[in-house]
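What follows is each chain in one-letter form.
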Amino acid sequence: MNIAEMLDELKQRAKKDPEVLHALLETRKMPNPMTAFCRYCQSLGYEMYEMELIDAGEEFYATIKRSTNGGGENSPVLTGQNDFYEMFFRELEG
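Attention in this report is confined to the structure presented alongside it. (Residues numbered from 1 in each chain as written. Predicted model: local features only at pLDDT ≥ 70, side-chain atom pairs only at ≥ 80, totals over all residues. Heavy atoms only, no water.)

Section: the nonpolar core
Phase 1 of the analysis: I3, L7, L24, F37, M48, L53 and F88 are the most contacted members of the largest nonpolar core, which totals 22 residues.
Phase 2 of the analysis: Element by element, the count of residues in this core is highest for helix α5 (residues 84-93), at six residues.
Phase 3 of the analysis: Dropping the residues within four chain positions of it, M48 is found in contact with I3, M6, L7, F37, C38, C41, Q42 and L53. (Core = buried A, V, L, I, M, F, W, Y, C linked by side-chain atoms within 4.5 Å. Buried < 20%, exposed > 50% of the residue type's maximum accessible area, 1.4 Å probe, protein only. Helix = DSSP H or I, 4+ residues; strand = E, 2+ residues; numbered from the N terminus. Contact = heavy atoms within 4.5 Å.)

With respect to the packing of helix α3 (residues 33-43) against α5
Packed helices, taken two at a time, are described by the angle their axes make and the gap between the axes.
Phase 1 of the analysis: At a minimum axis separation of 12 Å, α3 and α5 run at an interaxial angle of 75 degrees. The orientation of α3 relative to α5 falls into the category roughly perpendicular. Where α3 abuts α5, its residues P33, M34 and F37 lie against Y85, F88 and F89.
Phase 2 of the analysis: Classifying every residue of the contact of α3 with α5 by side-chain character gives six nonpolar, no polar and no charged. (Axes fitted to C-alpha atoms, helices over the stretch in contact; angles between N-to-C directions. Parallel < 35°, antiparallel > 145°, perpendicular 65-115°, else oblique. Nonpolar A, V, L, I, M, F, W, Y, C, P; charged D, E, K, R; others polar.)

Comments concerning helix α1 (residues 3-16)
Phase 1 of the analysis: Under the 1.5 Å per step criterion, the end-to-end length of α1 is 20 Å for 14 residues, consistent within 8% with the ideal 20 Å.
Phase 2 of the analysis: All of the buried residues in α1 are I3, M6, L7, L10, K11 and A14. Take α1 and look down its axis: the buried residues cluster within an arc of 135 degrees, on one side only. Exposed residues on α1 whose side chains face more than 90 degrees from its buried face are K15 and K16.
Phase 3 of the analysis: One side-chain oxygen of the residue at the start of α1 lies 3.0 Å from the amide nitrogen of A4, identifying that residue as N2. (Expected span 1.5 Å × (residues − 1). Arc of directions from axis to C-beta. Polar contact = N/O pair within 3.5 Å; in protein donor to acceptor, adjacent residues only side chain to side chain.)

Here you go:
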């Protein structure tokens, strides 16, 4: 399972289980929120690590950029599309 699939599954799990939702949101208050988030995900059985989470978003964004006009200067600027971590929490909180 890749990072995007894990985040989707985790999001569905959090929507069904208030304990999981609360624990995920609490990770945002920790001194190292992304590390706390990944460790909590690991405790739930998801093999997720900080650099993989960061890299997945950047790789996704690069793929989108390359697919638009060859990724040149005319490619659209997609604000925030490279941060799966932030998008995950926006969707959870929204």
